[in-house]
Every structure is written in structure tokens, then in C-alpha cells.
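# Chains, contacts and geometry: an overview
One-letter residues, chain by chain:
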Amino acid sequence: MTVKIGLLGFGTVASGVPYLLQENQKKIFDLAEAEIAIGKVLVKSSEEAQHLVAQGHDYDFVTDVEAILSDESIAIVVELMGRIEPAKTYIAKALQAGKHVVSANKDLIALHGTELLALASENQVSFAYEAAVAGGIPILRTLSQSLISDKITRVLGVLNGTSNYMLTKMVESGWTYQEALESAQALGYAESDPTNDVEGIDAAYKVAILSRFAFGMAIDFEAIHHQGIDVITANDVATAKEMGYVIKLVGDLQETASGLWAEVAPTLIPTNHPLATVNDVMNAVYVESIGIGQSMYYGPGAGQKPTATSVVADIMQISRDIVQDKVGQPFNRFDQPSRLADLEHVSHRYYLSVQARDTTGQLSHLAQLFEKHAISFDQVLQEKASQEDAFITVITHEITRQQLQEVTKDIEASVDFELGNVFKVLGD
Ligand code: HSE
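Since the structure is predicted, the reported quantities are computational estimates derived from the model, not experimental observations.

Moving on, we get to the domain arrangement of the protein. As far as domains go, the protein holds domain 1 (2-136 + 303-323), domain 2 (139-300) and domain 3 (344-425). Centre-to-centre separation of domain 1 and domain 2, based on C-alpha positions: 27 Å. With 21 residues of domain 1 in contact, the opposing surface of domain 2 contributes 18 residues. Where domain 1 packs against domain 2, one counts two salt bridges. Between Asp202 and Lys106 there is a salt bridge, with the nearest N and O atoms lying 3.2 Å from each other. Here domain 1 and domain 2 share seven residue pairs in polar contact (both at pLDDT 80 or more) between them. Where the side of domain 1 that touches domain 2 is concerned, the elements lending two or more residues are α6 (106-122) and α13 (304-323). Residues belonging to the side of domain 1 that touches domain 2 are distributed by class as follows: 11 nonpolar, five polar and five charged.

On to the pattern of salt bridges, then. Taken as a whole, this structure holds 17 salt bridges when the rule is applied. For the salt bridge of Asp71 with Lys40, the shortest nitrogen-to-oxygen distance reads 2.5 Å. Placement of the pair is Asp71 in the loop between α4 (66-69) and β4 (74-79) and Lys40 in strand β2 (residues 35-42), with a sequence separation of 31 residues. In this pair, the class of Asp71 matches that of Lys40, namely buried. Between Lys384 and Asp358 there is a salt bridge whose closest N-O contact spans 2.9 Å. Of the two residues, Lys384 sits in strand β14 (residues 377-384) while Asp358 sits in the loop between β13 (347-357) and α14 (362-372), which places them 26 residues apart along the sequence. On the basis of relative accessibility, which here comes to 34%, the residue Asp358 falls in the partly exposed class.

Turning our eyes to something else, we now look at the pairing of strand β11 (residues 282-289). Consecutive residues of a regular strand have side chains that alternate between opposite faces of the sheet. Most of β11 sits inside the fold, with six of its eight residues counted as buried. With six bridges connecting them, strand β7 (residues 152-158) and β11 associate as antiparallel partners. Bridge pairing links Leu156 to Tyr286 in β11. Direction of pairing for β11 relative to strand β12 (residues 293-300): antiparallel, over a ladder of eight bridges. Note on β12: the bridge partner recorded for Val285 is Tyr297. Once β11 ends, the chain turns through three residues before running back antiparallel as β12.

Below, the discussion takes up the environment of Gly157. Relative to the assigned elements, Gly157 resides in strand β7. For Gly157, a relative accessible area of 2% corresponds to the buried category. In the structure, Gly157 is positioned 54 residues away from Ser103 in sequence and 21 Å away in space, judged by C-alpha atoms. Other than its neighbours up to four places away in sequence, Gly157 contacts Leu249, Val250, Gly251, Ala284 and Val285.

The end-to-end C-alpha distance of helix α8 (residues 161-172) is 16 Å, a good match for the 16 Å that 12 residues give at a rise of 1.5 Å each. Burial of α8 is extensive: 10 of the 12 residues sit out of reach of the surface. Listing the buried residues of α8 in full gives Gly161, Thr162, Ser163, Asn164, Tyr165, Met166, Leu167, Thr168, Met170 and Val171. Contacts from the buried residues of α8 go to β7, α9 (177-186), α10 (195-198), α12 (234-242), β9 (245-255) and β11. Taking the backbone nitrogen of Thr162 as reference, a side-chain oxygen 3.3 Å away marks Asn160 as the first, capping residue of α8.

Surveying the vicinity of the ligand reveals the residues Lys106, Asn160, Gly161, Thr162, Asp197, Asp202, Lys206, Gly301 and Ala302. For the ligand, an oxygen atom lies 2.7 Å from a polar atom in the side chain of Lys106. At 2.8 Å, a side-chain N or O of Asp197 approaches a nitrogen atom of the ligand. Of the residues belonging to the shell around the ligand, the class tally is one nonpolar, four polar and four charged.

Reading guide: rules and limits
Residues numbered from 1 in each chain as written. Predicted model: local features only at pLDDT ≥ 70, side-chain atom pairs only at ≥ 80, totals over all residues. Heavy atoms only, no water. Domains from an automatic or database assignment. Contact = heavy atoms within 4.5 Å. Salt bridge = Lys/Arg side-chain N within 4 Å of Asp/Glu carboxyl O. Polar contact = N/O pair within 3.5 Å; in protein donor to acceptor, adjacent residues only side chain to side chain. Helix = DSSP H or I, 4+ residues; strand = E, 2+ residues; numbered from the N terminus. Nonpolar A, V, L, I, M, F, W, Y, C, P; charged D, E, K, R; others polar. Buried < 20%, exposed > 50% of the residue type's maximum accessible area, 1.4 Å probe, protein only. Pairing = 2+ DSSP bridges. Expected span 1.5 Å × (residues − 1). Near = heavy atom within 4 Å.

Okay, here's the thing in C-alpha cells:
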């Protein structure tokens, strides 16, 4: 049997699909239980099609999606265009036309997943998207299948390769944010508009999807607090290092007494924590659960072959379901009502960078502000900021988000202090 696919888009990831189908032909044929063939490929213009043909790509290129949607021989639509529109409309039409869909589009699934999954269910077709989170790391199937018996209590992830590359350079080589960004753009990691990568938006999309698989909760994207790496200063990087930490952009999903806390933010990680070793463009997902305990899944979060590997795995699973007449199985069965955490139940350690006049009594005055909110210091470091000023860096013991809000309000209101960055700190 042959299962035909229609590719929407023929960019970096899509062109990795024929590579795998060719290079791993026998295994894919045996385990997909069918030959997987590329039926049609949607591109933007006839010029793009001509260009691809001239490069030696021998496919039936089309410029109108209807050519794929109305082709009854195409069973699976593989969307690799990215962004929201027209991908959303094309996927919706494909599902309504009774086609199975594979996508790597995290923006779309994070923002409109509920609607599209309902459409897939109504039309009794499959919709799989392993590549949408951490590209080459098979994390979604791991959570929904291998960890099916476990109860997950926390998921921490280094989920954006671009910002991780930049922070690695800032931490290890002392580059400025701007130098790191220019290098990431020159290497093709960051887009010319790198907003989603550096502001934590791309990682927050992945956190939204992970929440469905790890906690069964489809939380609204707006409920995920996100802060980017553009606020991190050279002083933060150096001070964190001196105190025994590296700074990384970390996605965090944590079960609390009242519900789920979801956040993406620059985070201080102790240098002996497994996530501290995740450098350059690599991604990792660190899972805490009552059964396994701690486990970490590490690998490339983007790139042609890694991402195409996850995409082809989805295609193969659907192909097997077609052959065995079992289509329409949900990609993830874990589903429970979303409950978000109350701030008084969200506790972490925090790093606070405060600038003050380097005069008598300043440290004791700052300590009084913390004492007022029953916050105790874990580590304190004072360094010269200039001739007259000092940086006082505090790492607190565990405090609630509410206590944090109250103390930062007091520091900001004081004429003696200028509050710099406040970051979460992992570890006990
Ligand atoms: N821009 C993303 C990253 C690619 O840098 O990780 C995968 O989503």
C-alpha cells in the first residue's frame, strides 16, 4: 500500500522529509506498513517551483492549496509553513476534508490547538505535532506514552535554541547581548526579527503545549508569564557566575496546591544542575515526577534533519493507523480541567540585584525591608558598581510570589535603592 502526503511548504524542515524517506527507506516502509510517497508540494509561487525544479527537486509543485485538499489520493497533509495564517485555514480545511494532519507549528498549536484538535476529532482524523516542541527531542510521545503511569509534578525546559546560544556566549565568552544577537543572526539561528526567540514567546508556546501533555491542561497562552533575555545585563551574568549559577531562559510548569504555575523567564541554575550543561543551540526538558523522580531529555530543538525526524515519525504512526484501520486516535489523551495557581502557593528562591550608595547602613536598611516581609537571605554579595555606588545582590530562601511582589514594591519605593533584575533561582 502507498500512503500519499501533501507537503505545505518546502523550506528547511520540509526538505528534510524526502531525505529521511530516501535514506531510511526500508525501515520506514516496514514500520509504517506502507510506502510513504510525496503526492504534491505547496509552494508560494511558480517562480519558487521553477527554482526548486532547477535544483533537482522532482515533485508535483502546486501554488493553490485546493490542488492538495481536493486530491483524494492524498491522505496526510504535512504543514511546515509556520506562523498562524494561512496555515490555520489550510489545516482546518484539510481536517474538514477528512485528511490527517501533521504539523510542526508551535505558534498555531499553542494559540489555536483546542479548536483544531476539536475539528480533528469531529472529522475522525488524526492530528499529530511531535516536532512542535523541541524539534528533534521526542518529548511529547515520551510524556503521553512512556510516562503514562507517572504523575508529573514539574517540567523545566530550555526550549529556545537561539536564546540559549546567545546566553551561552554571554556566560562563557563574556559577549554583550548585542554581539550574541548579531552572531545568532549571522549563523541563521535567529530570525531577522528575533522578537519571539529573545522575548520568551517561542518558549512560552512550547510551554503551552507541554502543559497539555504533562498536566492534561490546555492553559491559555496569556496565562503563561513570560520575560525575555534582553533584560539580562553583563553584571547579572558575572554576579550569577560568582555565586555559583548560570543564567538560562527556562520554561517552568509546576504543580502547586491550587493549580498550575506556568512561566518562561531568565532563571539562575546551579552549575551542578543537569540543565546548566545544556549549551549553545541545544534544548532539554527536565521532568520531575513521583515515579521516575528526575529525568532529562536532551537534543537539538531545531534544524532540518532533527525536526524532519519527528515529522516523519508522526507520518509513519498515522500511516500505520490507516493500514490497520485505527485512524483518529488522539495524539494526547490526558485531559483535565485547567486550574491555575494562586500566587500565595507559588514559591521559589529569587535573585535580586539592587544598586545603592556605597555608604554606612545601606545593607542593614535593605535587610530591614526583607525582614519586614519575613524573607531571609540565602546568599548576599556586595560589589562596587562605580566610585560612589555598590551592587548588592541577594539570593533569598524560598518565598512566595506574593512576598516577592511586596518586597520589590518596597525596594522600588525607597529613595536609597534602585532595583535591577529579579530572577528565579533553581535548587534548594
Ligand atoms: N527559533 C526556535 C529556536 C526554533 O531558536 O529554538 C524552534 O522553535
